[in-house]
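Working through the structure, step by step
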Amino acid sequence: MLSRLSRPRALALCALPVLALLGTAALAPLPFTVAQPGVTADVLGKDRGKPVITITGAETRPTDGQLRMTTIVATGPTADIRIGNVLDGWFRTDRAVMPRDSVYPTGGSEQEIEKHNLNDMKQSQNVAVDAALNQLKREPGSMRVTVDLGDIGGPSAGLFLSLGIIDKLDGDGRGGDLTGGRTIAGTGTISADGKVGAVGGVSMKTQAAHRDGATVFLVPKAECREAEAERPDGLRLIPVTTLSGAVDALKALEQGGKVPSC
């Protein structure tokens, strides 16, 4: 014969499995990475005492203003991320919780991932040079362009490396600076034909940009919503899809023309 449980006792018994699951989740590592704003670097200037962009074989112009590429700092691929870390990251504007696979899609050890990211950066630098020279309609063999960003890895500086090369060679095309003397920051991959690609951690990069004095942030158009979510006050977002569009937007910003917005 079955006896009927009182409502409080029944609820308590039902809660036990849930509590057990929560307890297990609190102790188990989760497949997430916690990111925060990283360093920024002015591609028109120096990084760790060395020029980021060096051009030989062609006349360059002095530049004013800054073009700051942005980064994030993320926990490593083998870091134990637990539910407390995740909850803390969700409730803080200076942290972002991201699926580990989105940050480390190649897998492997930290050394292998670092090597992969540095290779990505090297390839991105070469493509950025091609994109900039294509934009300016200059022959690739007419000059030598070298880029040095130290141990910063990944392809997300591509757009800003191209913009830096254009500013050093041509400025705004009318004798002025592409930056208009401003501190411009942003992110985005670049292809040789000038297409801008999406990257990760945009909401953290906007905060790094604002921290380091930027007033304008160029963002891949597909990531406008993410950038807007944690946008610091006083930071203007400009969506871009191509290198030529980014150049046009910066010129319009300086000349008082129509500038796209998120």
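What comes next concerns the included structure.

**Some remarks on the overall build of the protein**
When its secondary structure is counted, the protein shows 8 helices and 12 strands. Here the protein, with 262 residues, has 42% of them falling under the buried criterion. Within the protein, contacts between residues at least 6 apart in sequence are counted, and of these 76% link residues at least 24 apart. Carbon and sulfur atoms make up 52% of the accessible area of the protein, which amounts to about 13,900 Å² in all.

**Remarks on the packing of helix α5 (residues 158–169) against helix α8 (residues 243–255)**
Running from amino to carboxyl end, α5 crosses α8 at an angle of 60 degrees, the nearest separation of the two axes being 11 Å. One finds that α5 runs oblique with respect to α8. In this structure, α5 crosses over α8, and the sense of that crossing is right-handed. When α5 is examined against α8, the residues Leu 159, Ser 162, Leu 163 and Ile 166 are found in contact with a partner set consisting of Leu 243, Ala 246, Val 247 and Leu 250. Taken together, the residues of the contact of α5 with α8 sort by class into 7 nonpolar, 1 polar and no charged.

**Considering the side chain of Thr 40**
Tracing the backbone through its elements, the reader meets Thr 40 in strand β1 (residues 32–42). Among the polar contacts listed, one links the side chain of Thr 40 to the side chain of Arg 68, at a separation of 2.8 Å. Beyond its immediate stretch of four places on either side in the chain, Thr 40 contacts Arg 68, Met 69, Thr 70, Ala 208, Ala 209, Arg 211 and Asp 212.

**Structural notes on the pairing of strand β11 (residues 216–220)**
Taken across its 5 residues, β11 has 5 buried, putting it largely inside the fold. Residues Val 216, Leu 218 and Pro 220 point to one face of β11 and Phe 217 and Val 219 to the other, with burial holding for every one of them. Of the strand pairs in this sheet, β11 and strand β12 (residues 236–240) are connected by 5 bridges, and their pairing is parallel. Its bridge partner lying in β12, Leu 218 is registered against Ile 238.

**A look at the pattern of salt bridges**
According to the stated counting rule, one finds 8 salt bridges in the structure shown. Ionic pairing is found between Asp 167 and Arg 61, a salt bridge with its closest N-O pair at 3.4 Å. Taken together, the residues span a long stretch of sequence, with Asp 167 in helix α5 and Arg 61 in the loop between β4 (53–56) and β5 (66–74) at a distance of 106 residues. For the pair formed by Asp 167 and Arg 61, the shared burial category is buried. A salt bridge links Arg 231 to Glu 228, with the shortest nitrogen-to-oxygen separation between them at 2.7 Å.

**Quick word on the side chain of Arg 68**
Here Arg 68 lies in strand β5. One buried charge, Arg 68, has no salt-bridge partner; the nearest side chain with opposite charge is Asp 212, at 4.4 Å. Apart from residues no more than four positions distant in its own chain, Arg 68 is found in contact with Thr 40, Ala 41, Asp 42, Phe 160, Thr 183, Ile 184, Ala 185, Gly 186 and Asp 212.

**Section: the sheet that holds strand β8 (residues 183–186)**
The strand order across the open sheet formed by 6 strands is β6-β1-β5-β8-β11-β12, and the pairing between neighbours is mixed. Edge positions in the sheet fall to β6 (96–99) and β12, since each of these pairs with one other strand and no more. Across the sheet, the axes of successive neighbouring strands diverge by a mean angle of 35 degrees, strand direction being ignored. Where β1 lies against β6, 4 bridges are found, and the strand directions are antiparallel. Paired with Phe 32 across the two strands is Pro 99, which belongs to β6. Each of β8, β11 and β12 is contacted by α8, which is oriented at about 145 degrees to β12, the strand it contacts most.

Rules behind the numbers
- Residues numbered from 1 in each chain as written.
- Predicted model: local features only at pLDDT ≥ 70, side-chain atom pairs only at ≥ 80, totals over all residues.
- Heavy atoms only, no water.
- Helix = DSSP H or I, 4+ residues; strand = E, 2+ residues; numbered from the N terminus.
- Buried < 20%, exposed > 50% of the residue type's maximum accessible area, 1.4 Å probe, protein only.
- Contact = heavy atoms within 4.5 Å.
- Areas by Shrake-Rupley, 256 points an atom, 1.4 Å probe, with all protein chains shown as cover.
- Axes fitted to C-alpha atoms, helices over the stretch in contact; angles between N-to-C directions.
- Parallel < 35°, antiparallel > 145°, perpendicular 65-115°, else oblique.
- Left-handed = near helix turned anticlockwise from the far one by under 90°.
- Nonpolar A, V, L, I, M, F, W, Y, C, P; charged D, E, K, R; others polar.
- Polar contact = N/O pair within 3.5 Å; in protein donor to acceptor, adjacent residues only side chain to side chain.
- Pairing = 2+ DSSP bridges.
- Salt bridge = Lys/Arg side-chain N within 4 Å of Asp/Glu carboxyl O.
- Lys, Arg positive; Asp, Glu negative; His and termini not counted.

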